[in-house]
Amino acid sequence: MLTCKEASRSISKAQDNPLSWRERLALGMHLLFCASCRQYERQVRWLHDLSQAMTAPCRGAHLEESTKARLREQIHDLAAREDVEK
Amino acid sequence: MKESTGPSARYAPEQWVDIYGDSLFRHALFRLNGNRSLAEDLVQETFLAAWMGRSGYAGTAQEKTWMFGILEHKILDHFRQQKRHPQVSLDENDNGDEMEQLLFRADGRWALRPGNWGKNPEQLAENQDLMEALQRCVGELPETQRTAFVYREWYGEETTTCATLLEVSVNHLAVLLHRARLRMARCLEAHFPQGETT
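Sequence positions are assigned chain by chain, starting from 1 and proceeding in written order. As they are written, the chains are lettered A onward and the ligands numbered 1 onward, keeping that order. Reporting of local features is limited, given that this is a predicted model, to residues whose pLDDT is at least 70; pairs of side-chain atoms are given and counted only at 80 or more, and all residues count toward the totals for whole chains, interfaces and linings. To get the side-chain values, take all heavy atoms of the structure and skip hydrogens and water.

**Description of the overall build of chain A**
If you tally the helices and strands in chain A, you get four helices and zero strands. Here the C-alpha coordinates of chain A stretch approximately 70 × 30 × 20 Å along the principal axes. The contacts of chain A with a sequence gap of at least 6 include a subset with a gap of at least 24, amounting to 51%. Residue-level accessible areas treat just the shown protein chains as cover; the underlying method is Shrake-Rupley with a 1.4 Å probe. Accessible surface, chain A: about 5,000 Å² in total, of which carbon and sulfur atoms supply 54%. When the 14 basic and 12 acidic side-chain charges of chain A are each reduced to a single mean position, those positions are 13 Å apart. Numbered from the N terminus, helices here are DSSP runs of H or I no shorter than four residues, and strands are runs of E no shorter than two. Whether two residues touch is decided by their heavy atoms; if any such pair falls within 4.5 Å, the residues are in contact. Positive charges come from Lys and Arg alone, negative charges from Asp and Glu alone, with His and the N- and C-terminal ends not counted. We put the charge of a Lys on NZ, of an Arg on CZ, of an Asp on CG and of a Glu on CD.

**Some remarks on the pattern of salt bridges**
For this document, the term salt bridge refers to a Lys or Arg side-chain nitrogen within 4 Å of an Asp or Glu carboxyl oxygen. With the rule as written, the count across this model stands at 15 salt bridges over all chains. Here E64(A) ties to R36(B) by a salt bridge, and the two come within 3.7 Å at their closest N and O atoms. Taken together, the positions of E64(A) in the loop between α3 (35–55) and α4 (65–85) and R36(B) in helix α2 (residues 36–53) put the pair across two chains. Residue burial is assigned from relative accessible area. The probe radius is 1.4 Å, only protein chains are included, and a residue is buried under 20% of its type maximum, exposed over 50%, and partly exposed in between. On the accessibility criterion, E64(A) (41% relative accessible area) is partly exposed. Note on R36(B): relative accessible area 34%, which makes it partly exposed. Put simply, E153(B) and R181(B) hold a salt bridge, and the shortest N to O gap is 3.1 Å.

**A few points about the nonpolar core**
Nonpolar side chains tend to gather and get buried jointly when the protein is soluble and globular. We define a nonpolar core as any set of buried Ala, Val, Leu, Ile, Met, Phe, Trp, Tyr and Cys residues linked to one another through side-chain atoms lying within 4.5 Å. Counting residues in hydrophobic clusters, the biggest one holds 77 residues, and the most contacted among them are W16(B), F47(B) and L188(B). Counting residues per element, this core draws most heavily on helix α9 (residues 170–191) of chain B, at nine residues. Once you skip the residues sitting within four places of it in the chain, W16(B) turns out to touch I75(A), Y11(B), G21(B), F47(B), A50(B), W51(B), R54(B), E63(B), W66(B) and M67(B).

**With respect to the interface of chain A and chain B**
On the side of chain B, 54 residues touch chain A, which itself brings 41 residues to the contact. Accessible area that two parts lose when put together, with a 1.4 Å probe and added across both, is what the buried area reports. A combined buried area of about 4,600 Å² lies between chain A and chain B, and 62% of that area is made up of carbon and sulfur atoms. Our enumeration of links across chain A and chain B arrives at six salt bridges. The salt bridge partner of R152(B) is D16(A), with a shortest N-O separation of 2.6 Å. Two N or O atoms form a polar contact when they lie within 3.5 Å of each other; inside protein one atom must be a possible hydrogen donor and the other a possible acceptor, and for residues adjacent in sequence the pair counts only when both atoms belong to side chains. There are 20 residue pairs in polar contact (both at pLDDT 80 or more) connecting chain A and chain B. At the level of secondary structure, the elements contributing two or more residues to the side of chain A that touches chain B comprise α1 (4–16), α3 and α4 of chain A.

**Quick notes on α3(A)**
Within an α-helix, residues lying three or four positions from one another point in the same direction, as the helix has 3.6 residues per turn. Between the first and last C-alpha of α3(A) there are 30 Å, a value that for 21 residues agrees with the 30 Å anticipated at 1.5 Å per step. S36(A), C37(A), Q39(A), Y40(A), Q43(A), V44(A), W46(A), L47(A), L50(A), S51(A), M54(A) and T55(A) are the residues of α3(A) that are buried. In a helix, the anticipated span is given by 1.5 Å times the number of residues less one.

**Examining helix α2 (residues 21–33) of chain A**
All names here are of chain A. The terminal C-alpha atoms of α2, which comprises 13 residues, lie 19 Å apart, in line with the 18 Å expected from a rise of 1.5 Å per residue. Those residues of α2 lying buried are L27, H30 and L31. Projected onto a plane normal to the axis of α2, the buried residues spread over an arc of 100° and lie on a single side. In α2, those exposed residues whose orientation departs by more than 90 degrees from the buried face are W21, R22, L25, L32 and F33. Looking at the buried side of α2, the elements it contacts are α1 and α3. Read the arc as the range of directions from the helix axis to the C-beta atoms.

**Some remarks on the confidence of the model for chain B**
Detail in the predicted coordinates should be disregarded across regions flagged by low pLDDT. Residue and element names in this part refer to chain B. For every residue, the predictor assigns a confidence score, pLDDT, that lies between 0 and 100. Residues of chain B with pLDDT of at least 70 account for 79%, and the chain-wide mean is 79. Within the model, pLDDT remains below 50 along residues 1–7, and this stretch shows seven contacts once partners closer than five positions in the same chain are excluded. Confidence over residues 85–95 falls short of pLDDT 50; this stretch has 27 contacts with residues more than four positions distant or in other chains. Listed scores for the predicted complex are pTM 0.75 and ipTM 0.82.

**Overview of the packing of α1(A) against α3(A)**
Residues and elements named next belong to chain A. Axis geometry follows a simple rule: fit a line to the C-alpha atoms, using only the stretch in contact for helices, then measure angles between N-to-C directions, giving values from 0 to 180 degrees. Contact geometry for α1 and α3: axes closest at 10 Å, N-to-C directions at 30°. With respect to each other, α1 and α3 are oriented roughly parallel. Helix-helix and strand crossings are classified by hand; for α1 and α3 the assignment is right-handed. The segment α1 lies against α3, with C4, A7, S8, I11 and Q15 engaging C37, Y40, E41, V44, R45 and H48. For this classification, the nonpolar set comprises Ala, Val, Leu, Ile, Met, Phe, Trp, Tyr, Cys and Pro, the charged set comprises Asp, Glu, Lys and Arg, and every other residue, Gly included, is treated as polar. Split by residue class, the contact of α1 with α3 holds six nonpolar, three polar and two charged. Small angles under 35 degrees read as roughly parallel and large ones over 145 as roughly antiparallel, with 65 to 115 read as roughly perpendicular and the rest as oblique. Two helices cross in a left-handed way if the nearer one is turned anticlockwise from the farther one by less than a right angle. They cross in a right-handed way if the turn is clockwise.

Here it is in structure tokens:
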């Protein structure tokens with residue numbers, strides 16, 4: 001039987017990659033009997049959902065072309081000045 | 001030196017704006033709750049700092065991670081000046097697992113049991129206080145954990161990509177993410193609206 005500490009690792013791992021059948025079975029057994037770890041599993045999933053919800057509005061954002069031009073120019077100037085100093 | 005792994009290319013400063021501009025800007029927007037002008041300012045400062053520091057940059061980190069690191073420091077500086085995020089942590093020392101020791105008893109059972117966050121996560125996304133708490137909690141993570149968490153959970157990068165960007169093994173990335181999630185869950189819980197515990 002997994003301890004809660006081990007189960008919490010598996011819960012995190014499952015968020016990123018599929019567990020092996022052995023790991024899945026062990027975690028499933030543990031969750032069946034452990035309300036705290038079920039709670040933690042829910043928290044980890046919500047952490048993911050909340051992160052997604054929060055970042056969604058900015059996901060397609062990009063710098064204005066005019067801003068990019070200004071930044072490019074700035075770096076270009078720095079490079080030019082350095083060339084002169086050399 | 002390992003040169004074969006992934007996109008370890010370094011670009012000429014003249015190319016930075018086109019290569020990194022949008023993704024740095026997006027990261028700043030995420031962290032600054034959509035404040036465009038501030039995000040632009042910090043991206044500009046990042047490029048300047050990168051320019052100044054580029055000769056000292058040994059190339060031990062991926063260039064992208066290096067740039068993000070600079071930006072992240074600018075963001076944390078901003079928070080610090082605002083005093084809204086007083087507990088910002090720049091603690092790099094996350095090799096220990098104090099969090100696990102705190103959260104679990106010696107026999108591996110929860111010392112502090114996870115609280116109940118209610119039943120409707122969709123509604124939580126509309127809770128502005130909670131979104132700010134999420135930002136604050138991310139800021140309080142140790143630096144490598146924060147980078148791992150942000151790449152993975154915010155940008156949805158594959159674990160192999162995250163590991164390459166952070167230059168750690170996939171197994172170590174899993175450890176970082178696990179610790180970050182434990183901390184995030186615990187931190188958010190303190191800010192949670194229905195803060196009832198089981």
